[in-house]
Amino acid sequence: VESLKKKIDLTPETDAKLEQSATLAKSGQVREALAILAALEKRCRVGNDTQNLVRVCEASLQYCKDAGDEELLFSTIQTLTTRRSQKTQAIRAMVHKAMPWCVVDPYTPIAVSSEGEKAARNKLVETLRGITDGKLFLEGELARLTRALAIIKEQEGDIAGAADVLQEVHVETYGSLSKREKVEFILEQMRLTLGKKDFVRAAIVAGKVSRKHLQEENMEEHKVKYYTLLAENHRHDKDAFALAKDYHAIYSTPHILNDEAKWKEALKSTVVFLALSPYGSEQQDMLHRVNQDGNLESLPSYYATVQLLLKNEIIAYPMANQQELESLPSFCEGGEDLTKFWHELFHRRIIQHNVRVASIYYKRIHGARLAQLLGLDKNRLEKEISIMVSDGAVYAKIDRPKDIIRFAEPKSAEAVLSDWAADIDKLLHLVETTTHLINKEKMTQ
């Protein structure tokens, strides 16, 4: 629409007024210089001379900056950007002109040496954020300024304030930012949200990152950082299987596989948290995939652990390599209480594995005998079996007076009849096949 309006070329007048105002500004008469440019700015704006309008606006800000009058700078930029029918090119140019005075590279706050400089920098960041807020053509600048403000608040020790500031920006909806910048911003949101211990919101923020984008070639570092932060959240939730998947995702990153120390640490953590995970089809599938990994054989203790978990054999507790598994840094991370929880959970998973093995080989068994086989007292055995039955992990009936545990589920009359009919069908098929082969043999003689 603007391009259809009548345009006036004010270049000669602009050149003359800029030269005049520059002379006044150098002599210390900044306000007089700004007054001259204010009248010229209106003529350029009304006359749709965008090119010269940008020059005038930038010069106004530069005079304020050169004079060192921060308050005048703030009032000038606010006045110019809120003019009626102000051109988007002018607003964008002023924001780009002022941003290097408070942030660099592209969201790091500039270093300051005094409280006055710090206050001026922070106020300029806030001012520019207010100008860019709600303007689609400046959404990228808003995101960078917001991140700079979050860094400032974090440096001041206000982690919660920094997290709240970042939460205000829904960067995933911004079209002007690159995929990489969006992921970096969301990772920063995750880090600060976890820093203020808001684990529910951290999980919500984590869902904004596309796992498919993290698989791209130039996103390896972001992938590792994402899953490291995700592991922190899952550790709080005490979700062992999610932790195993997090560490396996880190392990499968190409630059981690090229660093022996890092991939060993990640693979060790994967195995340990798989052992701590509840039994299920997904957990078993992942165990088999890890077992087929050639790198696992270079970690004897962890290879042996995977082999034990995949076999239908009773595992003695504690295992021979128990201490080595529980001394892993990722196992001990999170404090003494969490380490104690993982230790107790490890024992429970071994007991559950052993009960499942017993249910495969025994239809019924005396409770005292099963407790002896598993190395448990009867009360602990009964408690663990009850939990497994409640979770649907195994079928069991306990006859306390007779001390008998039945693992075989009783069949209904219909089920028995169906099995008998199926067996008869198989038998008749076998007889028919045998008769056919006998007749065939007789015919060939």
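Residues numbered from 1 in each chain as written. Predicted model: local features only at pLDDT ≥ 70, side-chain atom pairs only at ≥ 80, totals over all residues. Heavy atoms only, no water.

Digging into the overall build of the protein chain
Moving on, step 1. A count of helical and extended segments in the protein chain gives 23 helices and 5 strands.
Moving on, step 2. Since a compact globule built from 445 residues should have a radius of gyration of about 22 Å, the 36 Å found for the protein chain marks it as more spread out than a globular shape.
Moving on, step 3. Each of the three principal axes of the protein chain carries a C-alpha extent, and together these read 115 × 65 × 40 Å.
Moving on, step 4. For the protein chain, the proportion of its 445 residues judged to be buried stands at 43%.
Moving on, step 5. Taking all contacts inside the protein chain whose residues are at least 6 apart in sequence as the whole, residues at least 24 apart take part in 60%.
Moving on, step 6. Once the 62 positive and 65 negative side-chain charges of the protein chain are each reduced to a mean point, those two points are 3 Å apart. (Helix = DSSP H or I, 4+ residues; strand = E, 2+ residues; numbered from the N terminus. Rg over C-alpha atoms; globule rule 2.2 N^0.38 Å. Buried < 20%, exposed > 50% of the residue type's maximum accessible area, 1.4 Å probe, protein only. Contact = heavy atoms within 4.5 Å. Lys, Arg positive; Asp, Glu negative; His and termini not counted. Charge placed at Lys NZ, Arg CZ, Asp CG, Glu CD.)

Some remarks on a nonpolar patch on the surface
Moving on, step 1. Taken together, Leu417, Trp420, Ile424, Leu427, Leu428 and Val431 make up a surface patch of nonpolar side chains, about 600 Å² in accessible area.
Moving on, step 2. Here Leu427 is to be found in helix 23 (residues 413–444). (Patch = residues over 30% accessible without salt bridge, like charges linked within 9 Å, V, L, I, M, F, W, Y side chains within 5 Å. Areas by Shrake-Rupley, 256 points an atom, 1.4 Å probe, with all protein chains shown as cover. Salt bridge = Lys/Arg side-chain N within 4 Å of Asp/Glu carboxyl O.)

Re the layout of surface pockets
Moving on, step 1. The space that makes up the largest pocket amounts to roughly 270 Å³.
Moving on, step 2. As for the largest pocket, its lining consists of 15 residues, of which Thr228, Tyr247, Ile250, Glu265 and Ser269 are closest to the centre.
Moving on, step 3. At the level of elements, helix 12 (220–237), helix 13 (240–251), helix 15 (260–275) and helix 19 (329–332) are the ones that each hand at least two residues to the lining of the largest pocket.
Moving on, step 4. Examining the composition of the lining of the largest pocket, we find that 5 residues originate from one element, helix 12, more than from any other. (1 Å grid on protein atoms, 1.4 Å probe; cavity = no way out; pocket = protein on both sides within 12 Å on 5 of 7 lines; lining within 4 Å. Points joined across faces, edges and corners; volume = space filled by probe spheres on them.)

Concerning the nonpolar core
Moving on, step 1. Counting residues in each nonpolar core, the largest one holds 66 residues, and the members touching the most others are Tyr226, Leu276 and Trp342.
Moving on, step 2. Excluding its chain neighbours within four sequence positions, the residues that come into contact with Tyr226 are Leu187, Met190, Ala206, Val209, Arg211 and Leu214. (Core = buried A, V, L, I, M, F, W, Y, C linked by side-chain atoms within 4.5 Å.)

Considerations on unusual backbone geometry
Moving on, step 1. Looking along the chain, the bond that leaves Tyr317 and enters Pro318 is cis, with omega of -5 degrees.
Moving on, step 2. Tracing the sequence through the fold places Pro318 in the loop between helix 17 (300–310) and helix 18 (322–326).
Moving on, step 3. Backbone geometry places Ser85, a non-glycine residue, at a positive phi of 60 degrees.
Moving on, step 4. Notably, Lys238 is not glycine yet its phi reads approximately 60 degrees, a positive angle.
Moving on, step 5. Looking at Lys238, the relative accessible area reads 42%, which means it is partly exposed.

A short note on the state of the cysteines
Moving on, step 1. Under the criterion given, the structure shown has 0 disulfides.
Moving on, step 2. Cys102 carries a free sulfur, and the closest cysteine sulfur to it, the one in Cys64, is 15 Å from it. (Disulfide = S-S within 2.5 Å.)

A closer look at the pattern of salt bridges
Moving on, step 1. Counting across every chain of the model gives 27 salt bridges.
Moving on, step 2. The shortest N-O distance in the salt bridge between Lys17 and Glu13 comes to 3.5 Å. Of this pair, Lys17 and Glu13 both sit in helix 1 (residues 11–26), separated by 4 residues, roughly a single helical turn.
Moving on, step 3. The exposure class of Lys17 is partly exposed, given its relative accessible area of 25%.

Focus on empty space enclosed by the protein
Moving on, step 1. By the definition in use, this model includes 1 cavity of 30 Å³ or more.
Moving on, step 2. Reported here for the largest cavity is a volume of approximately 100 Å³.
Moving on, step 3. Lining the largest cavity we find Ala275, Ser277, Pro278, Tyr279, Gln283, Gln284, Leu287, Leu309, Arg349, Gln352, His353 and Arg356.
Moving on, step 4. Mapped by element, the contributors of at least two residues to the lining of the largest cavity are helix 16 (281–291) and helix 20 (336–361).
Moving on, step 5. Here the element with the most residues in the lining of the largest cavity is helix 20; it accounts for 4 residues.
Moving on, step 6. In terms of residue class, the lining of the largest cavity is made up of 5 nonpolar, 5 polar and 2 charged. (Nonpolar A, V, L, I, M, F, W, Y, C, P; charged D, E, K, R; others polar.)

A look at the sheet that holds strand 4 (residues 397–399)
Moving on, step 1. Taken in spatial order, the 3 strands line up as 3-5-4 in an open sheet, and their pairing is antiparallel. Of all strands in the sheet, those with a lone pairing partner are strand 3 (364–366) and strand 4, marking the two edges. Going across the sheet, the axis of each strand differs from the next one's by a mean of 20 degrees, ignoring polarity.
Moving on, step 2. Of the pairings in the sheet, the one linking strand 3 to strand 5 (residues 404–406) comprises 3 bridges and is antiparallel in character. (Pairing = 2+ DSSP bridges. Axes fitted to C-alpha atoms, helices over the stretch in contact; angles between N-to-C directions.)

Notes on the packing of helix 1 against helix 2 (residues 30–46)
Moving on, step 1. Two elements in contact, helix 1 and helix 2, have axes separated by 8 Å at closest approach and are oriented at 165 degrees. In terms of axis orientation, helix 1 runs roughly antiparallel to helix 2. In this structure, helix 1 meets helix 2 at a crossing whose hand is left-handed. Between helix 1 and helix 2, the contacting residues are Glu13, Thr14, Lys17, Leu18, Gln20, Ser21, Leu24 and Ala25 on the first element and Val30, Glu32, Ala33, Ile36, Leu37, Leu40, Arg43 and Cys44 on the second.
Moving on, step 2. Residues of the contact of helix 1 with helix 2, tallied by class, amount to 9 nonpolar, 3 polar and 4 charged. (Parallel < 35°, antiparallel > 145°, perpendicular 65-115°, else oblique. Left-handed = near helix turned anticlockwise from the far one by under 90°.)

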